[in-house]
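# Remarks on the overall topology
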Amino acid sequence: MSEKPHIDIDYVADLARIKLSDKEKSTLSAQLADILGHFEKLSAVDVDGIEPMAHTQNIHNVWRPGDAPGATLKAQTLIEMAPEQRDNQVVVPKVVE
Amino acid sequence: MPPLHYNTIAQIAHSLKVGETTSVEVTQAVLDRIKAVDDQVQAFLSLDAVDAIAQAQASDERRAQGSTFGPLDGIPIAIKDTLAVKDQPLRCASKMLESYTSPFDATCIRQLRDAGAVIFGRLNMDEFAMGSSTENSAYQTTSNPWDLGSIPGGSSGGSAAAMAAGEAIATLGTDTGGSIRQPAALCGVVGMKPTYGLISRYGLVAFASSLDQVGPFTRCVEDAALLMEAMLGKDVLDSTSIRPQGDTHYVQALQKKKGPWKLGVPREFFGKGIDPEVKANIEKAIEWYRSQGCAIIDISLPHSDLAVPVYYIVATAEASSNLARFDGVRYGHRSAAADDAVSLFTKSRGEGFGEEVKRRIILGTYVLSSGYYDAYYLRAQKVRTLIRNDFENAFEQVDAILTPTSPTPAFKRGERSDDPLSMYLSDIYTISVNLAGLPAISVPSGFTKAGLPIGLQVIAPAFGEADMFAVAHAFEQAHDYYQQTPKL
């Protein structure tokens, strides 16, 4: 983390599945370099032997009791939310050639 | 008595009880007020007046038949656009969810309905709760009722502005890094973030799941205590919600707990970056506590200056994962230009998300990506432990901690919008509280010379809400700042 951080914006945008315009790419690259520069002070902290904290309540795993039948939303209600639907199914572009 | 729309919940509950007013009258007063001032304030994204009046009538009918649900029955409460209310729009102020209608109620909404509240309106916010000024809304810019050229704070800017303008009796917001407390301070109202897990997150659109909490905006501390009592509790629909511990009779605690308290003042919160008027104001508030016999103890939270970088790593990492669900397939915006499955995702997300949301998803994706995970995300999680330890050490000495809520009063619209880093630093006094999962409240503590509100933050240990409310209430009731209203 000591060098000036550099983001390969095309690679990260692809990982994030977001299409960015060329203008967005150049603005974001510059802003993110600034922001990551501000993060640099973390590298000076001694974290030897410190446990990482993912959660404030120290919850590691939660088992729930077996599902009991109860009222749920109707499948039709949920499918009707899709931008495109047909025959009680969500329509998407062809996935498998 | 102030006009009906500026009454507290407690005042209205009393008026309803003795038959001086009705829920329909109160709800109509609020709706009239919105009609009169919201062209200027722009707090509401949408409003279903017919539905609000119907709920108010149902409340009045219950009361007429001698069966009311308690102090919240008939009280109109407006909701941030990130909480699910059945059959109402849920857009998170984003184009991504422009035509989305919620098919269910969030748990906290159901709890308020069970208490008889009139749930109405969708309040403006920063898109997906990402921002500190409400300027990141895809729909409109909300003004600070105290100065229409200034921002109301954010991300729950609509919730705070609506309270200051008398457009609701109470509102709900959400707080991931200060999104309730900072706008409450900037708009001169009470805003409170509970201990993590105290209120269910079911039905709250997730931004950063280990930090997000729902909380109330109110005119006074007592009202916040009332709302918290109605909303807390373990919920089977949110496995991170927890069974409340300690004293949860918050309203009673306001009368029972009178101090004097041991109050900590962290020296790191009064250094560079703080506005001199804010600093002087908070120091005066601290002196007031001292004059009441409280012990004022100088404390240190040595990792405070690391809270902003830790937060923007942890929160963006969680956001990049949470917002992966917006893919244009099952709901939300779908690009018309997509020709295969991957371009359906990339184009729908590129078109549907605004600038700040894209910035945070990209940042979060980067800090989680191979080769950078250890240096950024894992390291941030470890420093987060150190930040929590700082608070644990401090609470061995003190009952509560006093700080400014925001380093500056409300700033002018557009002033920070091109500089994300300066915007991120607006939350410097609030985000460590979220990282540690603690409860905190902002109460009005006075005004700048220019007439802009300032807020005092009271931070308590986990589940220390009863003491937190009592400490804040004591200051509030000894001053009249909370009764001031802007000229609109």
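No experiment lies behind these values; they were computed from the predicted model shown.

Here the focus is the overall build of chain A. Scanning chain A for helices and strands turns up three helices and two strands. Taken from the N to the C terminus, the helices and strands of chain A come in the order α-α-α-β-β. The C-alpha radius of gyration computed for chain A amounts to 23 Å, which surpasses the reference 13 Å derived for 97 residues by more than 25%, pointing to a less compact arrangement than a globule. Considering chain A as a whole, with its 97 residues, one finds that 15% of them fall into the buried category.

This part is about the environment of Gly-191 of chain B. All names here are of chain B. By the element assignment, Gly-191 lies in strand β5 (residues 190-193). Classification of Gly-191 by C-beta neighbours within 10 Å gives buried; the count is 34. Counting along the chain gives 277 residues from Gly-191 to Met-468, while the straight-line C-alpha distance between them is 12 Å. Each residue touching Gly-191, except ones within four places of it in the same chain, is listed here: Ala-160, Gly-173, Ile-180, Arg-181, Pro-183, Ala-184, Gly-215, Phe-217 and Ser-442.

Further remarks concern the pairing of strand β3 (residues 118-123) of chain B. Note on strand geometry: in a regular strand, side chains alternate between the two faces of the sheet. Residue and element names in this part refer to chain B. When you tally the buried positions in β3, you get six out of six residues, the bulk of the element. As paired strands, strand β1 (residues 44-46) and β3 are joined by two bridges and run antiparallel to one another. Residue pairing for β3: Phe-44 is matched across the bridge by Leu-123. Bridge count between strand β2 (residues 76-80) and β3: five bridges; the pairing is parallel. The residue of β3 that forms the bridge with Ile-77 is Ile-119.

Counting residues at the interface gives 43 residues for chain A and 53 residues for chain B. Residue assignment for the side of chain A that touches chain B shows that the elements contributing at least two residues are α1 (9-15) and α2 (22-39) of chain A. Top contributing element to the side of chain A that touches chain B by residue count: α2 of chain A, with eight residues. The residue inventory of the side of chain A that touches chain B, partitioned by class, reads 29 nonpolar, six polar and eight charged.

Here the focus is helix α1 (residues 9-17) of chain B. All names here are of chain B. When α1 is considered as a whole, its buried residues turn out to be Ile-9, Ile-12, Ala-13 and Leu-16. Buried residues of α1 fall within an arc of 105° about the axis and therefore sit on the same side. Summarising the contacts, the buried residues of α1 are in contact with α2 (23-41), α3 (49-64), β4 (170-175), β6 (213-218) and α7 (221-231). Just downstream of α1 lies Gly-19, where phi reads positive at about 80°.

All names here are of chain B. Strands sit in the order β1-β3-β2-β4-β6-β5-β10-β11-β9-β7-β8 across an open sheet of eleven strands; the sheet is mixed. The outermost strands of the open sheet, each flanked by one partner alone, are β1 and β8 (295-299). Neighbour-to-neighbour, the strand axes of this sheet turn through a mean angle of 35°, independent of strand direction. The pairing of strand β9 (residues 400-404) with strand β11 (residues 453-459) spans four bridges and is classified as antiparallel. When the bridges of β11 are listed, Thr-403 appears paired with Gln-457.

What follows deals with unusual backbone geometry. All names here are of chain B. Geometrically, the link from Gly-154 to Ser-155 is a cis peptide bond, its omega value of 10° lying close to zero. Inspection of the secondary structure puts Ser-155 in the loop between β3 and α5 (157-164). The step from Gly-259 to Pro-260 runs through a cis peptide bond, and the omega angle for that step is -5°. Mapped onto the secondary structure, Pro-260 falls in the loop between α8 (250-256) and β7 (262-266). Not every positive phi belongs to a glycine, and Thr-134 is a case in point at roughly 65°. Relative to the helices and strands, Thr-134 is located in the loop between β3 and α5. We note that Phe-463 has phi near 65°; this positive angle belongs to a residue other than glycine. Summarising the element assignment, Phe-463 is placed in the loop between β11 and α16 (465-477). Residue classification places Phe-463 among the buried positions, given that 20 C-beta atoms sit within 10 Å.

It is worth spelling out the nonpolar core at this point. All names here are of chain B. Ranked by internal contacts, the top residues of the largest apolar core, which has 173 residues, are Ile-77, Val-190 and Val-458. Ranked by residue count, the leading element in this core is helix α10 (residues 307-322), at ten residues. Setting aside chain neighbours within four positions, we find Ile-77 in contact with Leu-112, Ala-117, Val-118, Ile-119, Ala-168, Ile-169, Ala-170, Thr-171 and Leu-172.

Turning next to α10 of chain B. With 16 residues, α10 of chain B ought to run about 22 Å at 1.5 Å a step, and its terminal C-alpha atoms sit 22 Å apart, in line with that. The buried fraction of α10 of chain B is high, at 14 of 16 residues.

The next point concerns the environment of Leu-402 of chain B. Residue and element names in this part refer to chain B. Tracing the backbone shows Leu-402 in strand β9. Classification of Leu-402 by C-beta neighbours within 10 Å gives buried; the count is 26. Apart from the residues within four sequence positions on either side, Leu-402 is in contact with Leu-263, Val-265, Ile-286, Leu-456 and Val-458.

Take the pairing of strand β10 (residues 440-447) of chain B next. Residue and element names in this part refer to chain B. Burial of β10 is extensive: six of the eight residues sit out of reach of the surface. In this sheet, β10 lies alongside β5 in antiparallel orientation, the contact comprising three bridges. By the bridge assignment for β10, Met-192 is matched with Ile-441. As paired elements, β10 and β11 share seven bridges and run antiparallel to each other. Counterpart to Val-443 in the pairing with β11 is Leu-456. Between β10 and β11, which pair antiparallel and follow one another directly, the connecting turn spans five residues, one of which, Gly-451, has a positive phi of 85°.

All names here are of chain B. On the secondary structure map, Asn-7 appears in the segment before α1. For the pair formed by Asn-7 and Val-310, sequence separation is 303 residues and the distance between their alpha carbons is 40 Å. Discounting chain neighbours no more than four positions away, the residues touching Asn-7 are Pro-2, Ile-12 and Ile-169.

What follows is about the confidence of the model for chain B. Here chain B averages 96 in pLDDT, while 100% of its residues score no lower than 70. Reported for the predicted complex are a pTM of 0.97 and an ipTM of 0.93.

About the cut-offs
- Residues numbered from 1 in each chain as written.
- Chains lettered and ligands numbered in written order.
- Predicted model: local features only at pLDDT ≥ 70, side-chain atom pairs only at ≥ 80, totals over all residues.
- Helix = DSSP H or I, 4+ residues; strand = E, 2+ residues; numbered from the N terminus.
- Rg over C-alpha atoms; globule rule 2.2 N^0.38 Å.
- Buried ≥ 20, exposed ≤ 12 C-beta atoms within 10 Å, placed from the backbone.
- Contact = placed C-beta atoms within 7 Å.
- Pairing = 2+ DSSP bridges.
- Nonpolar A, V, L, I, M, F, W, Y, C, P; charged D, E, K, R; others polar.
- Arc of directions from axis to C-beta.
- Axes fitted to C-alpha atoms, helices over the stretch in contact; angles between N-to-C directions.
- Core = buried A, V, L, I, M, F, W, Y, C linked by C-beta atoms within 7 Å.
- Expected span 1.5 Å × (residues − 1).
- pLDDT = per-residue confidence, 0-100.

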